[in-house]
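An overview of the molecular structure
The primary structure of each chain is shown beneath.
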Amino acid sequence: AEPGVELDVHVRWQGEVALDCDGPVGIQVRSISSRPFRGQAMVRAAMFCDGETRKTIAVTVNTRLHVEVLVAKRHIRRHEVLGEEMVEMAMRDITAVKAGYFTSFDGFDGNRTKRPVGLGAVLSADHVEPVPVIFRGDEVELVAASSGIWVSARGVATQDGSIGSRIRVR
């Protein structure tokens, strides 16, 4: 595992494996699938005796990934601008978090919540979006430039937009 990552691995095996071996025994475990080693997965366990493979079995394992991530210190409402006082670092199970998660405050400011976030919830990329600087109904100036020619027109934003985003204008 990477530094700061804790793995909790539960092996679902109820039998016994007997090896006829007088020398040192070794076990090599590798994933059967190419999927990330998270949640429930099948692995192949090869047992060695004196460097020679004696037995290979397939085993189901359940791997939980625990990482220190940003979590909500309190309930955060939808479209609330995020600040460091609203969150804290805590060790959490992120096995099921699919949209990425924040492991530091870097790049966190300047965002707001897309939807409500409960107390103690892991903040994922699905929870945050850039704060809009243009709002629906704002007057905007459209500028197009090419080879020294500038063309501009006035319009009205038909949707909110943040820096770097594209929006519709009427």
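Overview of the structure. If you're wondering where the values come from, they're calculated on a predicted model, not measured in any experiment. One numbering rule holds for all chains: residues counted from 1, following each sequence as written. The predicted nature of this model means local features are confined to residues of pLDDT at least 70 and side-chain atom pairs, given and counted, to a pLDDT of 80 or more, with totals for whole chains, interfaces and linings taken over all residues. Working from all heavy atoms in the structure, the side-chain values ignore hydrogens and water.

We call a pair of cysteine sulfur atoms a disulfide when they lie within 2.5 Å. A complete count under the given rule lists one disulfide for this structure. The disulfide bridge from Cys21 ends at Cys49, spanning 1.6 Å between sulfur atoms. Here Cys21 and Cys49 share a disulfide; its torsion about the S-S bond, 85°, makes the bridge right-handed. Taken together, the residues Cys21 in the loop between strand 1 (5-12) and strand 2 (25-31) and Cys49 in strand 3 (residues 39-49) connect sequence positions 28 residues apart. The same class applies to Cys21 as to Cys49, namely buried. A helix here means a DSSP run of H or I that spans at least four residues, while a strand means a run of E at least two residues long, and both kinds are numbered starting from the N terminus. Summary of the burial criterion: residues with accessible area below 20% of their type's maximum are buried, those above 50% are exposed, and those between are partly exposed, where the area comes from a 1.4 Å probe applied to protein chains only.

With that settled, consider the pairing of strand 3. Note that strand 2 and strand 3 share seven bridges and pair antiparallel. Looking at strand 3, one finds that Gln28 is bridged to Ala46. Only strands that DSSP links by at least two bridges are regarded as paired with each other. Of the strand pairs in this sheet, strand 3 and strand 4 (residues 52-72) are connected by 11 bridges, and their pairing is antiparallel. Directly across from Ala45, in strand 4, lies its bridge partner Ile57. As consecutive antiparallel partners, strand 3 and strand 4 are separated by two residues, and within that stretch Asp50 has a phi angle of approximately 55°, a positive value.

Let us now look at a nonpolar patch on the surface. Here a patch means residues that are over 30% exposed by relative accessible area and free of salt bridges, tied together within 9 Å if like-charged and within 5 Å if nonpolar (Val, Leu, Ile, Met, Phe, Trp, Tyr). Here, Shrake-Rupley sampling with a 1.4 Å probe gives the accessible areas, and only protein chains in the shown set may cover a residue. Whenever Lys or Arg places a side-chain nitrogen within 4 Å of a carboxyl oxygen from Asp or Glu, that contact is recorded as a salt bridge. On the surface, a nonpolar cluster with roughly 500 Å² of combined accessible area is contributed by Leu7, Val9, Val11, Trp13, Val17 and Phe37. Here Val9 is to be found in strand 1. Judged by its relative accessible area of 41%, Val9 is partly exposed.

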